[in-house]
Amino acid sequence: MKQSIKHYVSEGGTVVITSHILETVQNLCNRYMIIDQGKILKTDEIHQDQNLEDIYMDVIDHE
């Protein structure tokens, strides 16, 4: 499934994935959005040197 999604995106497609499993999001996606109670707290590109769990904790701690 992951390879199919990556191939589709490489061909110009867009896929929206919702997950609480940040490792999966980090390995599969190139952008992320953190939403809490319907409010968008942060959205950005995912870079190889980033850890989404750290970003999430930072965003939640400042909320």
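Check the entry above for the structure.
Every value quoted in this text rests on a predicted model; they were computed, and no experiment measured them.

A.B. asks: What exactly am I supposed to notice about the pattern of salt bridges here?
C.D. replies: Any two side chains of opposite charge can pair if their charged atoms end up close together. Tallied over the entire structure, the rule returns 1 salt bridge. In this structure, the salt-bridge partner of Glu45 is Arg31, at a minimum N-O distance of 3.9 Å. Placement of Glu45 in strand 2 (residues 39-45) and of Arg31 in strand 1 (residues 31-36) is noted, with a sequence separation of 14 residues between them.

A.B. asks: It is not clear to me how the layout of surface pockets should be interpreted in this structure. Could you clarify?
C.D. replies: To find the voids left in a structure, one rolls a probe of water-molecule size over its atoms. Estimated volume of the largest pocket: approximately 920 Å³. Taken together, 26 residues make up the lining of the largest pocket; nearest its centre are Ile17, Val25, Arg31, Tyr32 and Met33. When contributions to the lining of the largest pocket are tallied by element, the ones reaching two or more residues are helix 1 (2-10), helix 2 (22-28), strand 1 and helix 3 (52-61). Per-element accounting of the lining of the largest pocket gives the leading share, 6 residues, to strand 1. The residue inventory of the lining of the largest pocket, partitioned by class, reads 16 nonpolar, 7 polar and 3 charged.

Reading the values: rules and limits
Each chain has its residues counted from 1, running along the sequence as written. Selection of residues for local features in this predicted model requires a pLDDT of at least 70, selection of side-chain atom pairs for listing and counting requires 80 or more, and totals for whole chains, interfaces and linings are taken over all residues. Side-chain descriptors were evaluated using all non-hydrogen atoms of the structure, hydrogens and water having been removed beforehand. Any carboxyl oxygen of Asp or Glu that lies within 4 Å of a side-chain nitrogen of Lys or Arg is treated as forming a salt bridge with it. Each helix corresponds to a stretch of at least 4 residues labelled H or I by DSSP, and each strand to a stretch of at least 2 residues labelled E; elements are numbered beginning at the N terminus. Using a grid of 1 Å spacing that covers the protein atoms alone, one calls a set of points a cavity when a 1.4 Å probe fits there but cannot get out, and a pocket when the set is open and has protein on both sides within 12 Å along at least five of seven lines; lining residues are those with an atom within 4 Å of a point. Grid points are joined across faces, edges and corners, and a volume is the space filled by probe spheres set on the points. For this classification, the nonpolar set comprises Ala, Val, Leu, Ile, Met, Phe, Trp, Tyr, Cys and Pro, the charged set comprises Asp, Glu, Lys and Arg, and every other residue, Gly included, is treated as polar.

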